[in-house]
Structure formats: structure tokens, C-alpha cells
Amino acid sequence: MPGLKENVNCPRRMVVFAVFDIIDKMGGEYEQVIAGDIKAKVNVLGKTSEYAFAVTEVTPETSILHISLLQTMEALKEEEKQLSVRYLLDSVLYHMNEVQELRKQEY
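The structure presented is a predicted model; accordingly, all values stated were derived computationally and were not measured.

This model, assessed by the stated rule, comprises 4 salt bridges. Put simply, Lys81 and Glu78 hold a salt bridge, and the shortest N to O gap is 3.9 Å. In this pair, Lys81 and Glu78 both sit in helix α2 (residues 78-106), 3 residues apart, roughly one turn of the helix. Residue class for Glu78 comes out partly exposed when judged on its relative accessible area of 46%. Lys104 is paired through a salt bridge with Glu101; the nearest N and O atoms lie 3.6 Å apart. Highlighted residues: Lys104 and Glu101, both in helix α2, separated by 3 residues, approximately one helical turn.

What follows is the structure in C-alpha cells.
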């Protein structure tokens, strides 16, 4: 199953909160599993699938966000699988940028 990872210039905690925010915004269901991984059922592009999210701390100010498609609940073509993972990754990154911009404006 497809997966992506992205280096992020944010603390692990902020990335984890962004993942939960995006899952909530998309009406997904989630559970936290082994050592902080997040497993969620999310409807992406009109089709529900199960994804795994993990955030690895590199330094106190940098992390790596991992997103993998675990199981499709509906038939998806290979390009749709890749697109759904990319969409989730981009959604989390965009949300983190929005939050950072709001914080800058507050100061």
C-alpha cells in the first residue's frame, strides 16, 4: 500500500496535533496505537480508507510525518491510492502553515 513521508520544521507535538485536527475536520474516526502511531478511517475524495499516521522527532524543532494507506474500504485504482495519501499529507502541511501564520499575526 502507498505511503509518503515529509520532513517538517516543527516540533513533533505540533505535527501530531495537526494530524488530529485534519482527521477531525474530515469527519474521520481514529485511535492511537503502539507508541503514538495514529490509525484512522477517513473519507478522502469521496472514498473511505484506513490510514496510519506517525510522527518521528528528529530534533526538538524538526520531525518527520509518515502517512500510509493501510486498507481501502472501497475499490480504488492505484493512482487514487497515491492521490489520497498525497491529499492527506498536503492537508496536514497546509494546516500547520495556517496555524503558524496565525501565531505570527498574534505577536
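This part is about the nonpolar core. If you look at the biggest cluster of nonpolar residues, it comprises 26 residues, and the most contacted ones within it are Tyr51, Phe53, Leu65 and Met96. No other element matches the 8 residues that helix α1 (residues 12-25) contributes to this core. Those residues in contact with Phe53 that sit more than four places away from it in its chain are Val19, Ile23, Asp37, Ile38, Ala40, His66, Ile67 and Leu88.

What counts as what
Residues numbered from 1 in each chain as written. Predicted model: local features only at pLDDT ≥ 70, side-chain atom pairs only at ≥ 80, totals over all residues. Heavy atoms only, no water. Salt bridge = Lys/Arg side-chain N within 4 Å of Asp/Glu carboxyl O. Helix = DSSP H or I, 4+ residues; strand = E, 2+ residues; numbered from the N terminus. Buried < 20%, exposed > 50% of the residue type's maximum accessible area, 1.4 Å probe, protein only. Core = buried A, V, L, I, M, F, W, Y, C linked by side-chain atoms within 4.5 Å. Contact = heavy atoms within 4.5 Å.

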